[in-house]
Amino acid sequence: MKVAIIGGGPAGLYSAILLRKQRPQADITVYERNRADDTFGFGVVFSDATLDNFEKYDPPSYRRITQEFAYWDDIAVHFRGTVHRVGGNGFCGCSRRQLLLILQERARELGVKLVFETEIDDESRFADADLVVIADGSNSRFRDKHAAHFEPEVDMRSNVFAWMGSTRPLDAFTFIFQETEWGPFIAHAYQYETGRSTWIFETDPETFKRAGLTGLDEKQSADRMAEIFGWFLQGHPLLTNRSMWRNFPMIRSQRWVKDNMVLLGDAKATAHFSIGSGTKLAMEDAIALADAMQGAPTVQSALATYEQGRREEVEKTQHAADVSLVWFEHVDRFWDFDPVQFAFGVMTRAKAITYDNLTLRAPDFVGEVDKAFARHVRHQGFDVDVEKPLAPMFQPLRLREMQIANRAVVSPMCMYSAKEGVPGDFHLVHYGSRALGGAGLIFTEMTCVGRDARITPGCAGLWNDEQENAWRRIVDFVHANSAAKICLQLGHAGRKGATKLMWDGIDRPLEEGGWDVVSASAIPYFPDSQVPQEMDRAAMDRVKSEFVAAAERGERCGFDMLELHCAHGYLLASFISPLTNQRTDQYGGSLENRLRYPLEIFEALRSAWPSHKPMSVRISATDWAEGGITGDDAVAIARAFAEGGVDLVDVSTGQTVRDAQPVYGRMFQTPFSDQVRNEARVATMCVGNITTADQVNTILAAGRADLVALGRPHLVDPGFTMKAAAWYGAGDIFCPPQYLPGKEQIFRNSVRDRQDFEDLKIKAKPKTRAELKAEAAKPLAAE
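Residues numbered from 1 in each chain as written. Predicted model: local features only at pLDDT ≥ 70, side-chain atom pairs only at ≥ 80, totals over all residues. Heavy atoms only, no water.

Colleague: What am I meant to see in unusual backbone geometry here?
Modeller: Trans peptide bonds make up most of the peptide bonds, and negative phi angles are found at most residues other than glycine. The backbone phi angle of D259 is positive, close to 55°, even though this residue is not glycine. Inspection of the secondary structure assignment puts D259 in the loop between β16 (257-258) and β17 (261-263). Since its relative accessible area comes to 54%, D259 is described here as exposed. In this structure, D507 is a non-glycine residue whose phi angle is positive, near 70°. Mapped onto the secondary structure, D507 falls in the loop between α17 (502-505) and β24 (518-519). Here D507 falls in the buried class, since its relative accessible area comes to 16%. (Helix = DSSP H or I, 4+ residues; strand = E, 2+ residues; numbered from the N terminus. Buried < 20%, exposed > 50% of the residue type's maximum accessible area, 1.4 Å probe, protein only.)

Colleague: Which parts of the structure should I look at to understand the sheet that holds strand β7 (residues 91-95)?
Modeller: Two orientations exist for strands paired in a sheet by backbone hydrogen bonds: parallel and antiparallel. The three strands lie next to each other as β3-β7-β4, forming an open sheet whose pairing is antiparallel. This sheet does not close on itself; its edge strands, each paired only once, are β3 (43-47) and β4 (70-72). In this sheet, neighbouring strand axes are inclined to one another by 25° on average, regardless of whether the strands run parallel or antiparallel. Sheet topology note: the β4/β7 ladder contains three bridges and is antiparallel. Within β7, the residue paired with Y71 across the bridge is C92. Along the sheet, helix α2 (residues 48-57) contacts β3, β4 and β7; its crossing angle with β3, the most-contacted strand, is approximately 90°. (Pairing = 2+ DSSP bridges. Axes fitted to C-alpha atoms, helices over the stretch in contact; angles between N-to-C directions. Contact = heavy atoms within 4.5 Å.)

Colleague: What am I meant to see in the pairing of strand β27 (residues 615-620) here?
Modeller: Strand residues, when the strand is regular, have side chains that alternate between the two faces of the sheet. β27 sits mainly inside the fold: six of its six residues count as buried. With burial as the criterion, each face of β27 is covered, one bearing M615, V617 and I619 and the other bearing S616, R618 and S620. Bridge count between strand β26 (residues 561-566) and β27: five bridges; the pairing is parallel. Looking at β27, one finds that C566 is bridged to I619. As a crossover connection, the stretch from β27 through helix α22 (residues 631-643) into strand β28 (residues 648-652) is right-handed. (Right-handed = clockwise from strand over helix to strand, strands pointing away.)

Below you can see the structure in the form of structure tokens.
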């Protein structure tokens, strides 16, 4: 077998090593354009888990690597004169040059041919090769040459960064957030060998320009960074090696394989340096390729297996990197946070690290986070314990004169079970049981303001006395038997009306028994959906009066709060999104015009709704479609509603157009809540694939939302919040007397259960290499 590898970086060298181990007789050659000891950048970083992989696949190179690495356990966050250290992370760093030399030596030992200072422009010279590995980096000429096949997407990120080094020793992976007269600068730094550390400096493009960095050479840039971070460098110089400022390219390729050619490492996909995964991904690509080649009947089948099996893990890492880099791009959102909350946000930015995870590893740090959160709650007028505070999920919140006992919310979820809009016994049990379960706030499903405002024939409504009486029965039960508050969500289906029940075909038009639908513009949802009537002024006035009448009924029912549904492509959302609003009058065109009618409705409701009761608005913060609403638009939308008197923005996304491309994942809509909350400066509720109390605490403690709504978890577990209260020791949560024995038992058991769980987690967690190294050194130190 003959293998040609283009690119002598970690991906190319490690794939050569592993393939040669599999096939000792194979003819494997690595071609590298640079000299053997040329390398750019300074250090690379790996986690303990990554090193475990290296140990499994090639113990000799693993041993050499671990002999050269510098280990550390802590992450240190420097912000506004404070330092917060979090241990138990298990990282190690190594000189990039040394890593390459180790891999080169190991490849030679195995009989791999290494050819340096050789430019490869045409793969035809490898016509006799069985496999061609393309590992020539993020600027891959072969990926670009065959771009029509590989279909790479390159997203040049907004922040600029420069990679430098220093002689400053470091005992932790260090983040420094430095305020300057020009704006914020960030340093990502870690030691990779004795007397050497990597420093990546990052800032936004506006700060970069204001700081006069445009056009400076390497030395001038290093001098400027040394001025800014000199207090920490303590006289140590900054070193340069092609340390020019540039933008990070997030690269994704639709295909990784062409004939017998395969992309590896940065050639196929990149991950932002803020999660330290570039070299890790490259070498794990090599592992995945070797695994696929093992026993495969043909090279083509092996490459197909490689791409199919590896893509999910790469995309997961890229998603985490995306979330992380966006946090750093918008660090100014959090600049006025309490420093410990800021540090918590740094630690949890990519979702891999959570509140519970940090509680196990750094309980004192999380204790300070809890105290900071409780102090903020106390400043809002609540008499809460600051010295021994409850977890953020169980801290109260006030919206106008409504006080919510905890931050867990039952999300608005359509049940499609009403008869002519009348909620029945199912709804009484549904809402009543979740109120008994301890949630601080319960939202009704979208309650329609008129018969022709319904999504489906099963949707609940509030346009007649029978419906009002039915809702009053539910509200009275919630108030009489729980501490929960209950919010009425009012909406109008618009062009998505007259459709089947969810389980019969979501958003599909009724085949019989339908009704006329209206929208901002005459655009059907599906091509075969009913074409809506574009609303004229008379129709707009009629619908507005229906909203006001429903709100007045809601007040008579005793609802504590009112929400206006302006999301998910329903009527009011159809006015806001440019994808569904093609009007040429004063209600179309600019965002200000598109908001005009929804704001009219909101202001009419605010006038009709009692001034002491809060109001919220649900928005789609993105349409997940080109040309639609963006996160920046969502901030403007939230500000407009805030000026109209909104107390809370319920941040959802999408469902506007049928060809949307949402990016799902854990807590996938939370970044939009984060943006709206911290840029528009308005309270938010986040929602979307949030499933655990741990996630709730993580979101709240990081300042990404003020309330957290959970849907599916509440569908199967009405007692979700009560169980979480027992787990976190929030013993003052309300429980009706009929259920008190159950509460007392679960609180007793949870003390033991949590201790057992934490003990198992701690025992199951292998010691980091830094911990093992420290233990090994103890006897020597004692002697």
